[in-house]
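# Fold and geometry: a report
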Amino acid sequence: MGWRNVVITQHSKLSLSANNLVVQTNQNVYRIPIDDIDVLLISTTQAVITTAVIAALASTHAKIIFSGKDGQPVGEFWGTQARKRTADSITNQVNWETDRCQRLWTNVVQAKITSQMQALDNTGIDTTPLVDELDQLEVGDITNREAVAAHKYFPLLFGNKFSRRQLDSTNAALNYGYAILLSLVDREIVSNGYLTCIGMHHRSDENPYNLGSDLMEPFRPIVDYWLSQQKFNELTPDVKFGLVQLLDLEIHFNGKTMLVRNALSEHVRNCVNYLTGDVEKVEIDVEVPNEVSSHAINGNV
């Protein structure tokens, strides 16, 4: 069984040569031993893969994950003899203990509200309204402090007249930024052998990304704060590029300095390990650094 997760993000051709995966892009050619690959994640619709690659990866029980135009995983392929780790992971996921789900969701909400407070504090805004909500948080968030805090938070950050229900450029940018975060979280979920549709808190039959929606929450304020510091009139390519670039922003996560994309990966692994019972404690401490505002856009400003 392999050990490497290979992610394809750009226009490329994937072929087989001497039992190596050959990835040919417009600029470079990469060779990766087939036996080293555990998961091949194709996160673009601009890649071409040969049947020889698919057959070779199937023979080693590697998984191939395909993404749609929005970057979300849309399908998986592996050999006819599924890997035991995947079967065990899904079985565990279906039977996650309710108490663990509730405790982890409490930690997620606490981390999200704390990050929202950091975003407000970075802007010089009084955080007392959110402190009050955090003080009332109970196990499982049975009183829905997460939603109440968000209702107070967005008008504080974007102005008293702002509502998440408005159809405007700010909400369009927020939704785009959140979609980027969700895409990365979902990719890490499936790379670890779990299903995105089975969540610990979100349980909608119409949401194929319930677990991703659960786990991404503490990272949302990074997007919020960056957008609050920009001036734009519409969701231009510059705004989209700026949001994507946030993934390469250095933050402090659980006491360590790392890129947002790497923090997301570690966060997902920590959470699913806790839900499965492999660890007895999970830490979620996401910093919203002041430096995020310096990554300004260059278009409609």
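Residues numbered from 1 in each chain as written. Predicted model: local features only at pLDDT ≥ 70, side-chain atom pairs only at ≥ 80, totals over all residues. Heavy atoms only, no water.

The protein appears in an unreviewed UniProt entry as CRISPR-associated endonuclease Cas1 from Furfurilactobacillus milii. Comment text from UniProt for the protein, heading Sequence similarities (unreviewed entry), reads "Belongs to the CRISPR-associated endonuclease Cas1 family." The Subunit (unreviewed entry) field of the UniProt record for the protein holds the comment "Homodimer, forms a heterotetramer with a Cas2 homodimer." (UniProt positions renumbered as here; feature names shortened; annotations may be inferred.)

## Concerning the pairing of strand β2 (residues 12–17)
Where β2 lies against strand β3 (residues 20–25), six bridges are found, and the strand directions are antiparallel. Considered in β3, the bridge of L16 is made with L21. Connecting the antiparallel pair β2 and β3 is a turn made up of two residues, with A18 showing a positive phi of about 55 degrees. Inspection of the sheet shows β2 paired to strand β6 (residues 47–49) by three bridges, in the parallel sense. Bridging across to β6, S12 finds its partner in A47. (Pairing = 2+ DSSP bridges. Helix = DSSP H or I, 4+ residues; strand = E, 2+ residues; numbered from the N terminus.)

## A short note on the pattern of salt bridges
Going through the model one piece at a time under the given rule, you end up with ten salt bridges. When the shortest N-O distance is used, the salt bridge between E217 and K112 registers 2.8 Å. Here E217 is found in the loop between α7 (210–215) and α8 (220–228), whereas its partner K112 is found in helix α3 (residues 98–122), with 105 residues between them in sequence. K112 gets classed as buried once you look at its relative accessible area, which sits at 7%. (Salt bridge = Lys/Arg side-chain N within 4 Å of Asp/Glu carboxyl O. Buried < 20%, exposed > 50% of the residue type's maximum accessible area, 1.4 Å probe, protein only.)

## A short note on α3
Its 25 residues place the ends of α3 36 Å apart at the C-alpha level, agreeing with the 36 Å of an ideal helix rising 1.5 Å per residue. Directly after α3, the chain includes G124, whose backbone phi takes a positive value near 80 degrees. (Expected span 1.5 Å × (residues − 1).)

## Brief notes about the packing of aromatic side chains
Counted under the stated rule, the structure contains six aromatic pairs. Consider the rings of W96 and Y194, whose centres lie 5.9 Å apart with planes at 40 degrees: the pair is tilted. Here the residue W96 occupies a position in the loop between α2 (84–94) and α3, and Y194 occupies one in the loop between α6 (169–191) and α7, the gap between them amounting to 98 residues. Take W96 and Y194: they sit in the same class, and that class is buried. Between Y153 and F154 the ring centres are 5.0 Å apart and the planes differ by 65 degrees, which places this aromatic pair in the edge-to-face class. For the pair formed by Y153 and F154, the shared burial category is buried. Aromatic ring contacts, followed pair by pair, group Y153, F154, F158 and F162 into a single cluster. Above the ring of Y274, the side-chain terminus of R100 is found at 4.8 Å from the ring centroid. For R164, the ring lying beneath its charged end belongs to F154, and the centroid distance is 5.7 Å. (Phe/Tyr/Trp six-rings, centres within 6.5 Å; stacked < 30°, edge-to-face > 60°. Lys NZ or Arg CZ within 6 Å of the ring centre and 35° of its normal.)

## A few points about the domain arrangement of the protein
The figure often quoted for interface size is the accessible area lost as the parts come together. Under the domain assignment used here, the protein contains domain 1 (4–83) and domain 2 (90–297). For domain 1 versus domain 2, the distance between C-alpha centres works out to 29 Å. Every contact between the two is made by ten residues of domain 1 and, on the other side, nine residues of domain 2. Roughly 870 Å² of surface becomes buried between domain 1 and domain 2 when both sides are summed, with 51% attributable to carbon and sulfur atoms. Where domain 1 meets domain 2, there are zero salt bridges. (Domains from an automatic or database assignment. Contact = heavy atoms within 4.5 Å. Buried area = accessible area lost by both parts, 1.4 Å probe.)

## Thoughts on the pairing of strand β10 (residues 256–259)
Bridge count between strand β9 (residues 250–253) and β10: four bridges; the pairing is antiparallel. If you follow I251 over to β10, its bridge partner there is M258. Between β9 and β10, which pair antiparallel and follow one another directly, the connecting turn spans two residues, one of which, N254, has a positive phi of 50 degrees.

## Some thoughts on the UniProt feature "binding site: Mn(2+)" (unreviewed entry) in the protein
In this structure's numbering, the residues bearing the UniProt feature "binding site: Mn(2+)" (unreviewed entry) are E146, H202 and E217. For the residues just named, distributed over 72 residues, the greatest C-alpha separation is only 12.8 Å, placing them together at one site. Residue placement: E146 occurs in helix α5 (residues 145–158). A relative accessible area of 15% means that E146 is categorised as buried. Those residues in contact with E217, other than ones at most four positions away along the chain, are W105, V108, K112, E146 and H202.

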